[in-house]
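So you can see what is in the structure, the chains are spelled out below.
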Amino acid sequence: MAPPRPSPAARLLREYGWDLMLGSIAAFYAVMVPYTKVEESFNVQAMHDILYHNYHIEKYDHLEFPGVVPRSFIGALVVSVISWPVVFLMHLFHVPKVYGLLAVRIMLGSIILMTLRLLRVQVKRKFGHHAEAFYVILTAIQFHLLFYSTRPLPNILALAFVNLTYYFWFKGNHRRTLEALIVAAVIFRCDMILLLGTIGLALLLNRSISLLEAIKCCVSTAIICIGLTALVDSIMWRRILWPEFEVLWFNSVLNRSSEWGTHSIHWYFTSALPRSMLIAYPLCMIGSFLDRRILPYILPVFSFVVLYSKLPHKELRFIIASIPMLNVSASLAASRVYNNRKKSGWKLLYVLMIGGFLASLGYSAVTFMASYNNYPGGYALKALHEADSLMNEKIVHIDAFTAMSGVSRFCESKYPWRYSKEEEISIEEYQERNFTYLLNEHRHISGYKCLFAVDGFSRAKIQPRIPPLSLVKEPKVFAHGNTRDPDILSLNWPGCPCGEDTHQISATGPLTANCEDAQPV
């Protein structure tokens, strides 16, 4: 007798269950932490302007705040076009604009997760379903990869094509492997040239592709990509340019990226990768010894991180493209330990691995809570909108720190609210300006009354009790009202803290206690 056919729900779960799990985690991160940081500002503002200003390029944010180096509009354009129907419906039903930010982030995350699905399917085909399962589990208990997957960084836009690179590489389609990397390097992140070099060299050494074929493939794809980005971005930036070439010149030739801080040469291996991969980091090393099939893939990716370590300015997002492949190696080690868990000598490894999984999950929970409280600017603007329902026109000045810690154009409201991000205003000059509100990092400003403060994450503290780790928060962003505006002063404001240990607003808490006597007017 033939076994009963599985129901449609069972077939859907079997086919897409792992993807739904990863997607749910990524969506949870996006919903709980909807705001963005300064690193994401270009693409966030570009998506906003494409969706809300359309072809009126003169209103776009990048013309007023161009940033240090130009970036390509192509990624923002693609995500915005896909998100447009949802944002249009939100606009039709007068849904607050901040939900448009959530829409574009969820759409970007969906693109990244679709490419991760393609990679997962190839892991299953090449290494088995146990490796597939552990690949997904390791990705799920890591915080950074899924948290970043919905964040519109150039690195994440490039990650979509790097995941495709790994997919084609496992599939044996080496021409497509190089083409996907060329797109990532030419349009989104010029540093992907390093990964292109290590993977391309590996393909040449094992004779997977001939030198002539590789040159033809790379040159033809690069010409098309340069033409596309030069055409689109020259229109958007109103001058002829190839954005990633200017980024390459700035970071590599001029070596000016070090102006934003430097780290030691081993930082990626002793800090960034351990924090982002957690238990998968040691498992990755073990996997390369237990299963030699992964060596041809892991060595070029590992070499990419080594080469990148030569640059003094380092951030985790610069090497995030290596994590999916390193997770594959880790999944092979976890699968081998799991399959041999009942054998003598392997039992201890299995117990240690399970303990590592739980520790990784706990670390990711703590990291999430820190990130949850790391966007005081966004929470401050939200609280200001909710507290003042008066219909007279008001101008809010947003300083650089507030803008860098969660505020974007998606956070702005319609009339009567107006916004200024004018830079280089001295603290003494504020009282001469006609701003209704100020959102900035200063506790006291002459001519203004401190209305409330918003807490932000400061540091983690070890304590001799349960839980052993606590997150220390302190006031980061202060909201001030103009003392010449009686309507503002008539509202019920909680005031600002007297000392460093008195907090006002957290990401979850309401406006609280008053301390007006300590605030000069």
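Source: prediction; values computed, not measured.

Peer 1: So what's going on with the overall build of the protein? Residues and values would help.
Peer 2: If you tally the helices and strands in the protein, you get 20 helices and 5 strands. In terms of overall size, the protein behaves like a compact globule, its C-alpha atoms giving a radius of gyration of 25 Å where 521 residues would be expected to give roughly 24 Å. Considered along the principal axes of its C-alpha atoms, the protein spans approximately 75 × 60 × 55 Å. A buried classification covers 52% of the 521 residues belonging to the protein. A separation of at least 24 residues holds for 76% of the contacts in the protein among residues at least 6 apart in sequence. When the accessible surface of the protein is totalled, it reaches about 24,400 Å², and 63% of it is carbon and sulfur. Between the mean site of the 49 positive side-chain charges and the mean site of the 38 negative ones, the protein shows a separation of 17 Å.

Peer 1: Please set out the layout of surface pockets residue by residue, giving values where relevant.
Peer 2: Here the largest pocket is characterised by a volume of approximately 1,400 Å³. Taken together, 50 residues make up the lining of the largest pocket; nearest its centre are V38, E39, S41, G67 and V68. Considering every element that reaches the lining of the largest pocket, the biggest residue donor is helix 2 (residues 41–52), with 6 residues. Tallied by class, the residues present in the lining of the largest pocket amount to 28 nonpolar, 11 polar and 11 charged. Looking at the lining of the largest pocket, you find at least three residues from each of domain 1 (16–372) and domain 2 (375–490).

Peer 1: Describe the pairing of strand 4 (residues 448–462), and please don't skip the residues or the numbers.
Peer 2: Sheet topology note: the strand 4/strand 5 (residues 469–482) ladder contains 13 bridges and is antiparallel. Within strand 5, the residue paired with G456 across the bridge is E474. In this structure, the hairpin formed by strand 4 and strand 5 is closed by a connection of 6 residues.

Peer 1: Let's hear about the packing of aromatic side chains: which residues, and what values?
Peer 2: The relative placement of two aromatic rings is captured by the distance of their centres and the angle of their planes. Going through the model one piece at a time under the given rule, you end up with 34 aromatic pairs. Here F134 and F357 contribute two aromatic rings whose centre-to-centre distance is 6.2 Å and whose plane-to-plane angle is 85 degrees, an arrangement assigned as edge-to-face. Of this pair, F134 sits in helix 6 (residues 129–141) while F357 sits in helix 17 (residues 347–372); the two residues are 223 residues apart in sequence, bridging distant segments of the chain. Across the pair, F357 and F134 agree in class, each one buried. An angle of 50 degrees between the planes, with centres 5.3 Å apart, marks the rings of F269 and F302 as tilted. Taken together, the residues span a long stretch of sequence, with F269 in helix 13 (residues 267–277) and F302 in helix 15 (residues 295–308) at a distance of 33 residues. Each member of the aromatic cluster is reached from another via a ring pair, and the members are F28, Y29, Y35, F143, F147, Y148, F368, Y372 and Y379. Here K394 stacks its cationic end above the ring of W417, 4.7 Å away from the centre of that ring.

Peer 1: Talk me through unusual backbone geometry; I want residue IDs and the actual numbers.
Peer 2: That bond from Y415 to P416 is cis: its omega, 15 degrees, falls within 30 degrees of zero. The topology assignment puts P416 in the loop between helix 19 (400–404) and strand 2 (417–420). Residue H94 is not a glycine yet carries a positive backbone phi of 55 degrees. Inspection of the secondary structure assignment puts H94 in the loop between helix 4 (74–92) and helix 5 (98–127).

Peer 1: Summarise the domain arrangement of the protein; cite the residues concerned and give the values.
Peer 2: In terms of domains, the protein is made up of domain 1 (16–372) and domain 2 (375–490). Spacing between the C-alpha centres of domain 1 and domain 2 amounts to 33 Å. Contacts between the two partners involve 32 residues from domain 1 and, on the opposite side, 19 residues from domain 2. Counting the surface lost from both domain 1 and domain 2, the interface buries some 2,000 Å², and carbon and sulfur atoms represent 63% of this.

Peer 1: Explain the confidence of the model for the protein residue by residue, including any values.
Peer 2: Mean pLDDT over the protein stands at 90; residues scoring 70 or higher make up 95%. Segment residues 510–521 is flagged for pLDDT under 50; beyond a separation of four residues in sequence, or across chains, it makes 33 contacts in the model.

Peer 1: I'd like a rundown of the state of the cysteines, residues and numbers included.
Peer 2: Inspection of the entire model under this criterion finds 1 disulfide. Here C450 engages in a disulfide with C496; their sulfurs sit 1.7 Å apart. Since a negative S-S torsion denotes a left-handed disulfide, the C450-C496 link at about -70 degrees is left-handed. On the criterion of sequence distance, the pair formed by C450 in strand 4 and C496 in the segment after helix 20 (486–489) is long-range, its members being 46 residues apart. Its relative accessible area of 3% is what places C496 among the buried residues. C225 provides the cysteine sulfur closest to C190, a residue in no disulfide bond, and the two sulfurs are 14 Å apart.

Peer 1: Lay out the pattern of salt bridges with the relevant residues and their values.
Peer 2: Counted under the stated rule, the structure contains 21 salt bridges. The shortest N-O distance in the salt bridge between R175 and E179 comes to 3.4 Å. Note that R175 and E179 are positioned in helix 9 (residues 174–188) at a spacing of 4 residues, about one turn of the helix. Between R317 and E315 there is a salt bridge; the shortest N-O distance is 2.7 Å. The residues R317 and E315 share a single accessibility class, namely buried. Here the salt bridges share partners, and the residues they tie into one network are E15, D19, R117, R120 and E132.

Peer 1: Describe the environment of Y167, listing the residues and the values that go with them.
Peer 2: Turning to its location among the elements, Y167 is positioned in helix 8 (residues 154–171). Along the sequence, Y167 and E429 sit 262 residues apart, while their C-alpha atoms lie 56 Å from each other. For Y167, the residues in contact, after removing those within four places along its chain, are L118, L119 and Q122.

What counts as what
- Numbers given to residues run from 1 along each chain, matching the order in which its sequence is written.
- Only residues with pLDDT of 70 or above have their local features reported here, since the model is predicted, and side-chain atom pairs are shown and tallied only from 80 upward, although totals for entire chains, interfaces and linings are computed over all residues.
- Water and hydrogen atoms were dropped before computing side-chain values, which therefore reflect all heavy atoms in the structure.
- What counts as a helix is a DSSP run of H or I of at least four residues, what counts as a strand is a run of E of at least two, and both are numbered from the N terminus.
- Between the two quantities, the radius of gyration covers C-alpha atoms and the globule rule is 2.2 Å times the number of residues to the power 0.38.
- Only protein chains enter the calculation, and the probe is 1.4 Å; a residue is then buried if its accessible area is under 20% of its type maximum, exposed if over 50%, and partly exposed in between.
- Contacts between residues were defined by any pair of non-hydrogen atoms, one from each residue, lying within 4.5 Å.
- The method behind every accessible area is Shrake-Rupley, applied with a 1.4 Å probe, and residues are considered shielded solely by the protein chains displayed.
- In this tally, Lys and Arg are treated as positive and Asp and Glu as negative; His is ignored, and so are the chain termini.
- Here the site of a charge means NZ on Lys, CZ on Arg, CG on Asp, or CD on Glu.
- Here a cavity means grid points, on a 1 Å grid over the protein atoms only, where a 1.4 Å probe fits yet cannot get out; a pocket means an open set of points with protein on both sides within 12 Å along at least five of seven lines; lining residues are those with an atom within 4 Å of a point.
- Grid points are joined across faces, edges and corners, and a volume is the space filled by probe spheres set on the points.
- Residue polarity is assigned by list, with Asp, Glu, Lys and Arg as charged and Ala, Val, Leu, Ile, Met, Phe, Trp, Tyr, Cys and Pro as nonpolar; anything else, Gly included, falls into the polar class.
- All the domain ranges listed were derived from an automatic or database domain assignment.
- A pair of strands is considered paired only if DSSP assigns at least 2 bridges between the two.
- Centres within 6.5 Å are what make two rings of Phe, Tyr or Trp a pair, Trp counting through its six-membered ring; a difference in plane orientation under 30 degrees is then read as stacked, over 60 as edge-to-face, and the rest as tilted.
- Here, a charge over a ring is recorded when the distance from Lys NZ or Arg CZ to the ring centre is within 6 Å and its angle to the ring normal is within 35 degrees.
- Buried area is calculated as the accessible area (1.4 Å probe) missing from two parts once they are joined, with the contributions of both summed.
- Confidence scores labelled pLDDT are given residue by residue by the predictor and lie between 0 and 100.
- Criterion for a disulfide: a pair of cysteine sulfur atoms at a distance within 2.5 Å.
- Criterion for a salt bridge: a side-chain nitrogen of Lys or Arg within 4 Å of a carboxyl oxygen of Asp or Glu.

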